[in-house]
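Structural features, examined
Residues per chain are reported as follows:
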Amino acid sequence: MGELVNRGESAIVPEVFYKQVSSILNAARDKAYTAVNFAMVEAYWEIGKSIVDEQGGEERAAYGEALIAGLSRRLTADFGRGFGIANLRNMRQFFLAFPIRDALRSELSWTHYRLLMRVENENAREFYMQEAVKSQWSTRQLERQINSFFYERLLSSKNKEQV
């Protein structure tokens, strides 16, 4: 039996037991948060795809802007914040930057993906995405690595080794 703690509650609960149960609840909360977050990432990808499909090409750019503005007004009225013109453009860009839905990683948040979309080089974007998952980078860590050209520096050092 573990150390007993009495904090004025009617029952005395062993501290080790309490920590075990607490750990189970925290793990379930983390799992639920990740699932909900990824469901929204997938929804944003689907919205981006729908916008691209509806716009049907660059020759209809004026229609595309009007479409996004109108969609923003209606979604904001029905679903609240988060569907401004800039965010809908981000969703559109998200689909264009990550056209294969199955390649999306559930470990990454929408903020991670918004940072990754700014990386123009596809190889660098893929590298940062894989590294963010493998190393469990926060969005701040990912942003710091992108802004410090970590991929390019790593590539440069590997090229020097080969010479």
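Counting starts from 1 at the beginning of each chain's written sequence and moves along it residue by residue. Under the rules for a predicted model, residues below a pLDDT of 70 receive no local features and side-chain atom pairs below 80 are neither given nor counted, while totals for whole chains, interfaces and linings still include all residues. Water and hydrogen atoms were dropped before computing side-chain values, which therefore reflect all heavy atoms in the structure.

Considerations on the overall build of the protein
Under the scheme used here, helices are H or I runs from DSSP no shorter than 4 residues and strands are E runs no shorter than 2 residues, and both carry numbers assigned from the N terminus. Per the secondary structure count, the protein includes seven helices and two strands. Walking the protein from its N terminus toward its C terminus, one meets helices and strands in the order β-β-α-α-α-α-α-α-α. Note on contacts: a residue pair qualifies if any of its non-hydrogen atoms lie within 4.5 Å across the two residues. Within the protein, contacts between residues separated by at least 24 positions form 50% of all contacts whose residues are at least 6 apart in sequence. Surface accessibility follows the Shrake-Rupley procedure with a 1.4 Å probe radius. Residue values consider only the protein chains on display as shielding. About 11,300 Å² of surface is accessible on the protein, with carbon and sulfur atoms providing 53% of the total.

Considering the nonpolar core
Residues enter a nonpolar core if they are buried and are Ala, Val, Leu, Ile, Met, Phe, Trp, Tyr or Cys, with the set joined through side-chain atoms within 4.5 Å. Think of it in three bands: residues with accessible area under 20% of the maximum for their type are buried, residues over 50% are exposed, and the middle band is partly exposed, with areas taken using a 1.4 Å probe on protein chains only. Formed by 33 residues in total, the largest nonpolar core has its most connected members in Phe94, Phe98, Tyr113 and Tyr128. The set of elements that each furnish at least two residues to this core consists of helix H1 (15-55), helix H2 (61-79), helix H3 (85-97), helix H4 (110-117), helix H5 (122-134) and helix H6 (139-147). For tyrosine 113, the residues in contact, after removing those within four places along its chain, are Val41, Phe94, Phe98, Leu104, Arg105, Leu108 and Met129.

With respect to the pattern of salt bridges
What makes a salt bridge here is a side-chain nitrogen of Lys or Arg within 4 Å of a carboxyl oxygen of Asp or Glu, nothing more. A full pass over the atoms with the stated rule returns six salt bridges. Residue glutamate 46 pairs with arginine 101 through a salt bridge whose shortest N-O separation is 2.4 Å. Of the two residues, glutamate 46 is situated in helix H1 and arginine 101 in the loop between H3 and H4; the sequence distance between them amounts to 55 residues. Residue class for glutamate 46 comes out partly exposed when judged on its relative accessible area of 31%. The class for arginine 101 is partly exposed, based on a relative accessible area of 32%. Notably, a salt bridge pairs lysine 134 with glutamate 131, separated by 3.1 Å at the nearest N-O pair. Here lysine 134 and its partner glutamate 131 are both found in helix H5, three residues apart, which amounts to about one turn of the helix. Of the residues examined, glutamate 131 reaches a relative accessible area of 15% and is grouped as buried. It is possible to trace a salt-bridge network through shared partners that takes in Glu42, Glu46 and Arg101.

Quick notes on the environment of asparagine 90
Following the sequence through the fold, asparagine 90 ends up in helix H3. C-alpha of asparagine 90 to C-alpha of methionine 117: the two residues are 27 residues apart in sequence and 8.5 Å apart in space. Residues within four places of asparagine 90 in sequence aside, it is in contact with Trp110, Arg114 and Met117.

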